[in-house]
Amino acid sequence: MSYEPYNHKEVEPKWQNIWDENEAWVTGEDKSRPKYFAMVEFPYPSGQGLHVGHPRPYTAMDIVSRKRRMQGYNVLFPMGWDAFGLPTENYAIKNQIHPKVVTKNNVARFKGQLRALGYSFDWTREINTTDPEYYKWTQWIFMQLFKKGLAYKAEMPINWCTSCKVGLANEEVVNGVCERCGSEVVRKVKSQWMLKITEYAEKLIEGLDGVDYVEKIAVSQKNWIGKSTGAEVDFTVKGKEEKLRIYTTRCDTLFGVTYMVVSPEHPILDKYKDEIKNWAAVEEYRAAAARKSDFERSELAKEKTGVVIDGLSAINPVNDKEIPIFVSDYVLMSYGTGAIMAVPAHDSRDWDFAKAFNLPIIEVVAGGKDVQEEVYTDVADGILVNSGFLDGLKVADAKKKMIEFLEEKGIGQAKTNYKLRDWVFSRQRYWGEPIPIVKCDKCGYVAIPESELPLQLPEVESYMPTDDGESPISKMTDWVNTTCPCCGGPAKRETDTMPQWAGSSWYFLRYCDPHNSEALASKEALDYWMPVDWYNGGMEHTTLHLLYSRFWHRFLYDQGVVPCKEPYQRRTSHGMILGSNGEKMSKSRGNVVNPDEIVDEFGADTLRTYEMFIGAFDLSASWQEDGVRGCRRFLEKVWKLQTIMTDEEGYSSDLEGAMHRTIKKVSADFETLKFNTAIAAMMALLNEFNRKNAVTKGEYKTLLCLLNPVAPHITEELWQIIGGEGYIYQQKWPEYDEDKTVENTIEIPIQVNGKMRGTVSVSRDASKDEVLAKAKEAVAGKITGSIIKEIYVPGKIVNLVAK
RNA sequence: GCCGGCUUGUCGGAAUUGGCAGACGAGACAGACUCAAAAUCUGUUGGUGGUAACAUCGUGCGGGUUCGACCCCCGCAGCCGGCACCA
């Protein structure tokens, strides 16, 4: 057979064009076929273009999508752009180019790069969060949240980025600095739009039961929501009617309380200002705390600081003991009630604080070491002591009994708390969705009529936030001044915009029906396509994006807009691709690899194969150029098989088992994200052909079909060269026969006292006695003493225990 | 400090989840082809001892459970990631 060396520069564009002409990846309209909705996280189209990290998840889900098509599913595998965001805006500010233009250019670049990688995205369903026809529905969903009371304005201390001049959600503050720009974050009071995600805390926990998320993702969702059950207890302020309410998960330790702590923002301080003798010191402490971010206040291994409130003290309601009250920044106003009871014997933070301030430590759970020397927190099996009516009880029983007592006396009650906080939804920025609300002096905040959606971004002269931190839109008085939809009087539009998370919180719905102008998607489309069957994304989104989008989706379900409670049936995550030095790729480290160069030199199929072969999909992996070369070599060997191909359509008898085993392994590994071992299995099969120096046409075809999802261009070309029917992407996924995956004679390892001493060949259905007899014979000279125990795991191993 | 994850040859990484540790790839070494090199092909390749058969050690460290442990349990160290001292 004539043979030309493999030229990826010809073959890859050729097939990309043919797929386009054939509309090979346009989603089928036949809703009687079983559907499969596979989704990757849509990218933010940054100015840097695609990074080698992007193709890892895209290739993985492309493999799944291509396999599903070959299995006969109607596949929806869409792509879009999460295009609102700060880098674009910052670029616009710097260069005075409209962010719309910047976005358009970046999208064009990304799209070209993705095309060159041969992904089977259905581009007829492309979406862009900055398109008014898209954000019309983002605004519409916000409006529904507003109408149901889940969007509200609140004056509250927020995280304020001194550089971006925007408020950040707690979730967006990383290591005490702004997640996006790295500048210092301080606390500032501002009126913000908030979304009541906390109202959905319980539903968001429950929803995890019905879906298939990778364990660690489900765990981080739960930890983030942070449900805890405990009790609220009222302590009396001595000599006053005033009650100081605390939240505790350890109400069994109430007898061990030796002091109380309130957060620096606690209202009780201002209220009794005049009676606090050391007010100057308290005020100074508060001022210092206000300058710190939550993160700094919670910084590790920090010395406990605080000031005793001289002039106020509290009475422990269970034993009427008088105890001091401190103010300290280790207590946060944003969790619980902003005040705690301190039990130094059994809480390490309280213990540290008590040691620092020389406060008494009273043991109330026995079982640890001396609590004066060491805190005792792991009290699951502990028994209550020094605790009046709780003495002798186990911790769990003591909790129950104490709650009964508190409720009976009216001084406390059981209470469930969540760590989750409401979502700060406003940004004082230009490049985001306008919030479709006006403020009227008479009517307050009013939603604009739905018929006026989309509320489009006005053109502004400068994208720079104003010095007072208001959005640049606030200067557009023509746009800002409007009439109240309620009373017709003068009103002002909201000038804050939505965060980038908004557009990505529902995009999967739009993919189902992207051109619908009547609704975010038709009921028919949603009924058929939702939920997303498999959603893969980065670990960095497992708390923020995932939780926000689940929240919006669950809300829409409650409103009857979507047919299912949860948006994603299965969620997996991929690991990062690191530089060859094992560090994160970054310009400053000089270890960035540009995928364009790899595609140019080695081809898209090689890049795809390498990114899948690089290591376990969910772990980070470091980029090795030698590994890329190895994958190119593999593909070239597959290419060369055409020179040793015979005309037989079937499998040769000596390789039949290997063929069936490989089909089985590759099929299973693609489902469990073990792309690396799937490719290794195909390499091993190829080596078999080369060892024989022959491959039948039937064997070759099967290998090409298995490899096609990973390396679609070269396999398509080879399919044509060897005269396969139609296109390879239209073939059926290879099937295997379970019986043929098992070999008739198997090698059984023989151990003596747990150490390998040899192997024996036996037939697959050999009896235990037969195997043991052979085994003893095989290792006869290696046994000292007599055999006292014989272990045979059928088909696996023999272990002879001798003494 | 808390919560996850990780630690296996020279390197990237496998190991059907308690059953032959090191698949597959890379690198290195040797050979073939070549005037030569590259490419390609073939072979060898965890350490130690031995001509060899083979023996022995070996999955971060220390213990344990088990006929048998990379895998399970207890303790420790190092690295990576996340974090909101959550009472």
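Residues numbered from 1 in each chain as written. Chains lettered and ligands numbered in written order. Predicted model: local features only at pLDDT ≥ 70, side-chain atom pairs only at ≥ 80, totals over all residues. Heavy atoms only, no water.

### Re the overall build of chain A
The condition is simple: Secondary structure is summarised from DSSP: a helix means a run of H or I of at least four residues, a strand means a run of E of at least two, and numbering begins at the N terminus for each. When a residue's accessible area, from a 1.4 Å probe over protein chains only, is under 20% of the maximum for its type it is buried; when over 50% it is exposed; and in between it is partly exposed. What makes two residues a contact is simply this: any of their non-hydrogen atoms within 4.5 Å. Shrake-Rupley sampling with a 1.4 Å probe provides the accessible areas, and residues are treated as covered by the protein chains on show and by no other component. A positive count includes Lys and Arg, and a negative count includes Asp and Glu. His and the chain ends are not counted in either. One atom stands in for each charge, and that atom is NZ of Lys, CZ of Arg, CG of Asp or CD of Glu.
Broken down by element type, chain A carries 25 helices and 34 strands. Counting every position in chain A, which comprises 803 residues, the buried fraction comes to 55%. For chain A, long-range pairs separated by at least 24 residues make up 72% of all intrachain contacts whose partners lie at least 6 apart in sequence. Accessible surface, chain A as shown: approximately 34900 Å² in total, 48% of it carbon and sulfur. The average position of the 100 basic charges and that of the 115 acidic charges among the side chains of chain A differ by 2 Å.

### So, unusual backbone geometry
Here the residue pair Leu453 and Pro454 is connected by a cis peptide bond, since its omega of 0 degrees sits within 30 degrees of zero. A cis amide bond, omega -5 degrees, links Met530 with the succeeding residue Pro531. Among the secondary structure elements, Pro531 is positioned in the loop between helix H15 (523–529) and strand S25 (534–538). In the Ramachandran plot, Asn386 falls in the positive-phi region, its phi being about 50 degrees despite a non-glycine side chain. Looking at where Asn386 falls in the secondary structure, it is placed in the loop between strand S18 (383–384) and helix H12 (395–409).

### Overview of the sheet that holds strand S21 (residues 437–440)
The condition is simple: Pairing between strands is defined by DSSP: at least two bridges between the two strands are required. Note on method: axes are straight lines fitted to C-alpha atoms, helices fitted across the in-contact stretch only, with angles between N-to-C directions ranging 0 to 180 degrees.
A sheet is described by the order of its strands in space; here four strands give the open sequence S22-S21-S24-S23, paired in antiparallel fashion. Strand pairing shows two members of the sheet lacking a second neighbour, strand S22 (444–447) and strand S23 (481–483), which therefore form its edges. Pairwise comparison of adjacent strand axes, ignoring direction, gives a mean angle of 40 degrees for this sheet. Alignment of S23 against strand S24 (residues 490–493), held across three bridges, turns out to be antiparallel.

### Concerning the confidence of the model for chain A
When pLDDT drops low, the exact placement of atoms in the prediction is not to be read closely. Our working definition: Values of pLDDT, which run from 0 to 100, indicate the predictor's confidence residue by residue.
On average, residues of chain A score 87 in pLDDT, and 93% of them reach the 70 mark or higher. When mean pLDDT is compared element by element in chain A, strand S2 (residues 74–76) scores highest at 97, while helix H10 (residues 294–297) scores lowest at 54. Here the predicted complex carries an ipTM of 0.92, next to a pTM of 0.90.

### Things to note about helix H4 (residues 99–116)
Threshold: Between the first and last residue of a helix there are one fewer steps than residues, each counted as 1.5 Å, and that sum is the expected span. Regarding the arc, it is the one traced by the directions from the helix axis to the C-beta atoms.
For H4, which comprises 18 residues, the first-to-last C-alpha distance of 26 Å matches the rise-based estimate of 26 Å (1.5 Å per residue) to within 8%. Turning to H4, its buried residues number three or more, namely Pro99, Val102, Thr103, Asn106, Val107, Phe110, Gln113 and Leu114. Projected down its long axis, H4 shows its buried positions confined to an angular sector of 130 degrees, all on one face. More than 90 degrees from the buried face of H4, the exposed residues found are Lys104 and Ala108. Packed against the buried residues of H4 are helix H2 (55–70), strand S3 (80–81), helix H3 (86–95), strand S4 (127–128) and helix H17 (595–602). Where H4 ends, the next residue or the one after it, Gly118, has phi of about 75 degrees, a positive value.

### Things to note about the pattern of salt bridges
Selection criterion: For salt bridges, the criterion is a side-chain nitrogen of Lys or Arg within 4 Å of an Asp or Glu carboxyl oxygen.
Taken as a whole and judged by the stated rule, the model has 40 salt bridges. The closest approach of N and O atoms between Asp62 and Arg66, which form a salt bridge, is 3.0 Å. In this pair, Asp62 and Arg66 are both assigned in helix H2, four residues apart and thus about one turn of the helix distant. The buried category is assigned to Arg66, whose relative accessible area is 2%. In this structure, the salt-bridge partner of Glu202 is Lys227, at a minimum N-O distance of 2.9 Å. Of this pair, Glu202 sits in helix H6 (residues 201–206) while Lys227 sits in strand S11 (residues 227–237), placing them 25 residues apart in sequence. Assessed through its relative accessible area of 26%, Glu202 is described here as partly exposed. Via salt bridges that share partners, Glu29, Lys31, Asp122 and Arg125 belong to a single interconnected network.

### Quick word on the side chain of His545
As for its position among the elements, His545 is in helix H16 (residues 544–558). Here His545 falls in the buried class, since its relative accessible area comes to 5%. Setting aside chain neighbours within four positions, we find His545 in contact with Glu41, Trp501, Ser504, Tyr507, Tyr535 and Tyr568.

### Concerning the pairing of strand S16 (residues 339–342)
Side chains on a regular strand alternate between the two faces of the sheet. The side-chain alternation of S16 yields two buried faces, one formed by Ala339 and Met341 and the other by Ile340 and Ala342. Both strand S13 (residues 259–262) and S16 contribute to a ladder of four bridges, which runs antiparallel. Within S16, the residue paired with Tyr259 across the bridge is Ala342.

### Regarding the environment of Thr59
Structurally, Thr59 is set in helix H2. Taking relative accessible area as the criterion, Thr59 reaches 0% and is therefore assigned buried. Sequence separation of Thr59 and Leu117 is 58 residues, and the distance between their C-alpha atoms is 8.7 Å. Setting aside its immediate chain neighbours within four residues, Thr59 contacts Tyr119, Arg608 and Met612.

### What to know about the sheet that holds strand S33 (residues 787–793)
Ordered by their spatial adjacency, four strands build an open sheet running S32-S31-S34-S33, and the pairing between neighbours is mixed. Because the sheet does not close on itself, it has two edges, and the strands there are strand S32 (755–763) and S33. Taken over all neighbouring pairs, the strand axes of this sheet differ in orientation by 20 degrees on average, direction set aside. Pairing geometry for strand S31 (residues 745–752) and S32, over eight bridges, is antiparallel. Within S32, the position partnered with Ile746 by the bridge is Val762.

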